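These are the residues of each chain, in order.
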Amino acid sequence: MRLTPRRGTRRTVTIVALAAVTLALPAAVIAASQPTQTPYNARAITMTSAAPAAASAEGVLDGSGATANPGWTAGSSAGPVTVRRVSGVAGPFTAKTAMELTRTATGSGTGGGWALALAPLRNPQTFFVPGKVYRMEAWVRDTRSSGMSIGMLLANGNYGNRPADAAVYGKYADTAWHLITRTFVATAAGKADTAVYLALPSSGAFGFQVTGVSVKEFAAALPARTDITPEKILSFAGKAGTAPNAAHWNHETGGNGWGNEEVQTYTKSLDNAYLNGAGKLHITARKQTVKGTDGITRDYTSARLTTEGKVTVRAGSYVEAEIVAPVGAGVWPAFWTVGTATRTQGWPAAGELDILEGWGATPTIAHSAMHMAKAGAPKTDLPYGWGEAGGSTDLRESLDARPHRYGVYFDRNVVRFYIDRKPTMTVWAADAISSGRTWPFGGDQFLVLNVAVASGTPTTPMPRTMTVGDIFVHEGGTPF
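Everything numeric here is computed off the predicted structure, so don't read it as measured data. (Residues numbered from 1 in each chain as written. Predicted model: local features only at pLDDT ≥ 70, side-chain atom pairs only at ≥ 80, totals over all residues. Heavy atoms only, no water.)

**Remarks on the pairing of strand 23 (residues 377-381)**
- Alignment of strand 22 (residues 373-374) against strand 23, held across 2 bridges, turns out to be antiparallel. If you follow A373 over to strand 23, its bridge partner there is D381. (Pairing = 2+ DSSP bridges. Helix = DSSP H or I, 4+ residues; strand = E, 2+ residues; numbered from the N terminus.)

**Comments concerning the packing of aromatic side chains**
- According to the stated counting rule, one finds 15 aromatic pairs in the structure shown.
- Centre to centre, the rings of W258 and Y266 are 5.1 Å apart; their planes meet at 65°, and the pair counts as edge-to-face.
- Here Y266 falls in the buried class, since its relative accessible area comes to 1%.
- In this arrangement the basic side chain of R135 is found over the ring face of F218, its NZ or CZ atom lying 3.9 Å from the centre.
- The ring centre of Y300 lies 5.5 Å from the NZ or CZ of K287, which sits over that ring. (Phe/Tyr/Trp six-rings, centres within 6.5 Å; stacked < 30°, edge-to-face > 60°. Buried < 20%, exposed > 50% of the residue type's maximum accessible area, 1.4 Å probe, protein only. Lys NZ or Arg CZ within 6 Å of the ring centre and 35° of its normal.)

**Observations concerning the confidence of the model for the protein**
- In the predicted model, the protein carries a mean pLDDT of 87, and 87% of its residues have values of at least 70.
- This stretch, residues 1-55, has a pLDDT under 50; its non-local contacts, to residues over four places away or in other chains, come to 170 contacts. (pLDDT = per-residue confidence, 0-100. Contact = heavy atoms within 4.5 Å.)

**Structural notes on the environment of D142**
- As for its position among the elements, D142 is in strand 5 (residues 133-142).
- It is 5.3 Å that separates the C-alpha atoms of D142 and T175, two residues lying 33 residues apart in sequence.
- Once residues lying within four places of it in the same chain are set aside, the contact partners of D142 are G147, M148, Y172, D174, T175, G207 and F208.
- Polar side-chain contacts of D142 include one of 2.6 Å to the side chain of S146.
- In this structure the side chain of D142 is engaged in a polar contact, spanning 3.5 Å, whose partner is the backbone nitrogen of G147. (Polar contact = N/O pair within 3.5 Å; in protein donor to acceptor, adjacent residues only side chain to side chain.)

**Quick look at the sheet that holds strand 2 (residues 82-87)**
- A sheet is described by the order of its strands in space; here 5 strands give the open sequence 2-3-10-5-8, paired in antiparallel fashion. Since the sheet does not close on itself, it has two edges, and those belong to strand 2 and strand 8 (178-185), each with one partner. Neighbour to neighbour, the strand axes of the sheet diverge by 30° on average, direction disregarded.
- Here 5 bridges tie strand 3 (residues 97-103) to strand 10 (residues 206-217), and the two strands are oriented antiparallel to one another. Paired with L101 across the bridge in strand 10 is F208. (Axes fitted to C-alpha atoms, helices over the stretch in contact; angles between N-to-C directions.)

**Some points on the sheet that holds strand 17 (residues 304-306)**
- Strand order in the open sheet made by the 7 strands is 12-17-28-19-20-21-24, with antiparallel pairing throughout. Each edge of the open sheet is held by one strand with a lone partner, namely strand 12 (250-251) and strand 24 (392-394).

Shown next, in the form of structure tokens:
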């Protein structure tokens, strides 16, 4: 979700850099295969609280063309891609050689268009161990200053046999060397044909030089384990039909679209936010024609609650709630946090963590996302989440079928999202910063709960209710 328009911000859900985008893939020489979303399996892997003190051996056979036969291959639907080893390169690295990837064809190709290069790995079947943390990186240079995209991920030529969903993309309008890097947790072993997959522009002529392609096990920060007793509990105990605790919760009201063209009016009414008498909070969206406090008449009502100024979640904490989320076209439930510095720094500079967002038309998908500012542009949002590795999780059942635990840990080094206490998406500060973002998650956050009604004419019968159990805050790490 997002902040209120009174803070002068507007959010659109846009996928940028850092992670995977949908690629059109080989259809002839390298067989076509469209990437599909990983089904929900609760990421049943054993996580370690610390990676090795020293990085592992290099996983890439020859990431700079140091040998006469580095083994790189390439292909394209729009014409041949030339792979050439070049020497005498110089930049912020030690390598003296690089691999040059060029295509002179300008056609769009067939099957949607695709182009790629593959750098072979050594022993990918044993190199990647589920649960271990790795970092991949490469130095890239656009010899044409074209601003065209180049990406790096791990896959075979069919975009399969992936030990992780992580990817990183960059595009540059100069001929300087740029580092692209991504830290990730392996979720599967590799296969014999798993390689470093460089996603190249699907159409048009291009020229890239690439060197220092590397994949190594990495000593990345992960959440520590802390005591099982939470430091804070926001309880929803109370008499049925009464309001949530005013010492914890504020009501944000109005019907101004909230930067997302939402069509509901948020109210303080007990019709929209109330305790159920069994320790749960209900937030209910209803079809009601109401003129809000802002003087705008809308045909739907709901509630939006925040703990701003009342309850703070400190950096270095894990926050979790058990939620049954409503579904249906036009219904948009959310559990999220916003940086407490938003009043002074603004949005997205103060940061936002979307722990759970449901998009009712896709009832089995639970979304998580992060909002960070572009470096040097505090009002420009560079989000990370929806559609990227771990940002959208298929629960294989409707979000309203039963409760699930949705949580997040955040600090100055890492943000990790969880469903049912299993990790789904992890993002490290170093990767965010290297991709041109800021990292505001070393600061404190406050909580937000709401059910929005999306723009257009919702086709879902109302009312729709989100049920929220007690919210637990564990400081210093996760309790599991």
